[in-house]
Amino acid sequence: AQSVTQPDIHITVSEGASLELRCNYSYGATPYLFWYVQSPGQGLQLLLKYFSGDTLVQGIKGFEAEFKRSQSSFNLRKPSVHWSDAAEYFCAVGGRTGGGNKLTFGTGTQLKVEL
Amino acid sequence: DTAVSQTPKYLVTQMGNDKSIKCEQNLGHDTMYWYKQDSKKFLKIMFSYNNKELIINETVPNRFSPKSPDKAHLNLHINSLELGDSAVYFCASSQQTYGELFFGEGSRLTVL
């Protein structure tokens, strides 16, 4: 069964500091990996995705993530956090299976930004 | 122009009532989904339709009945509402049966 672990429930960083949010996944085949962001009262917005190819992927809002197959990880990074980045971040795993697109989400990491 | 839109955004109702949530997408996608987000923000898939055909039906009480009149619409009807049904329900769509999902803004259901 596929699963996603986001070990950090809450993270607080100062504005301008770097950020890394951790994500570990379990998937029986080639995974498709995603990071979504959810602001309060809003839906989920896709930050970036990995399907294949270059293991370092760039996303919107200055975010990037690196796929490490050996570690089953897909950590999200940003070199300098802005106050507007405060939100809930979800990592998700899915794949190209015959059973339909069952994206499995992690439990989320809530990011707080101190000014 | 909203890509995935859900109505209503908020729904407050009594236990035992029946309610519906509607979803429409204008992205031309073939696949649509319902996800449930509980009070701890955990997201779980409920249903998925591809071209009006049900392809994913997770372990959901049969009080929940999805209906897809066409590939741009996916509605969710809930009978005999219970307290535990209180959650945010998200509609989403994708171009194919895999890949990234595009989410609506959610419908917050509160059962009293």
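Every value quoted in this text rests on a predicted model; they were computed, and no experiment measured them. (Residues numbered from 1 in each chain as written. Chains lettered and ligands numbered in written order. Predicted model: local features only at pLDDT ≥ 70, side-chain atom pairs only at ≥ 80, totals over all residues. Heavy atoms only, no water.)

*Asks:* Account for the overall build of chain B, with residues named and values stated.
*Replies:* Check the secondary structure of chain B and you find zero helices and eleven strands. Going from the N terminus to the C terminus, chain B shows its helices and strands as β-β-β-β-β-β-β-β-β-β-β. For chain B, the C-alpha radius of gyration of 13 Å lies close to 13 Å, the compact-globule estimate for 112 residues. Dimensions of chain B, computed from C-alpha atoms along their principal axes, come out at roughly 35 × 30 × 25 Å. The 112 residues of chain B split such that 45% are buried. Partitioning the contacts of chain B with sequence separation of at least 6, the portion at a separation of at least 24 is 53%. Accessible surface, chain B: about 5600 Å² in total, of which carbon and sulfur atoms supply 47%. Between the averaged position of the 12 positive side-chain charges in chain B and that of its 12 negative side-chain charges there is a distance of 6 Å. (Helix = DSSP H or I, 4+ residues; strand = E, 2+ residues; numbered from the N terminus. Rg over C-alpha atoms; globule rule 2.2 N^0.38 Å. Buried < 20%, exposed > 50% of the residue type's maximum accessible area, 1.4 Å probe, protein only. Contact = heavy atoms within 4.5 Å. Areas by Shrake-Rupley, 256 points an atom, 1.4 Å probe, with all protein chains shown as cover. Lys, Arg positive; Asp, Glu negative; His and termini not counted. Charge placed at Lys NZ, Arg CZ, Asp CG, Glu CD.)

*Asks:* How would you summarise the packing of aromatic side chains if you had to cite specific residues and measurements?
*Replies:* Counting across every chain of the model gives 16 aromatic pairs over all chains. When the ring of A:Tyr36 is compared with that of A:Phe105, the centres are 5.8 Å apart and the planes differ by 50 degrees; the resulting orientation is tilted. Pair noted here: A:Tyr36 is in strand E5 (residues 32-38) and A:Phe105 is in strand E11 (residues 104-105), with a separation of 69 residues, a long-range link. Across the pair, exposure class does not vary: A:Tyr36 and A:Phe105 are buried alike. Ring centres of A:Phe105 and B:Phe103 lie 6.1 Å apart, and the angle between their planes is 75 degrees; on these two criteria the pair is classed as edge-to-face. Of the two residues, A:Phe105 is situated in strand E11 and B:Phe103 in strand E10 (residues 102-103); the pairing between them involves two chains. Judged on exposure class, the residue A:Phe105 and its partner B:Phe103 are both buried. Grouping aromatic residues by their ring pairs yields a cluster made of A:Tyr32, A:Phe34, A:Tyr36, A:Phe51, A:Phe90, A:Phe105, B:Tyr33, B:Tyr35, B:Phe90 and B:Phe103. (Phe/Tyr/Trp six-rings, centres within 6.5 Å; stacked < 30°, edge-to-face > 60°.)

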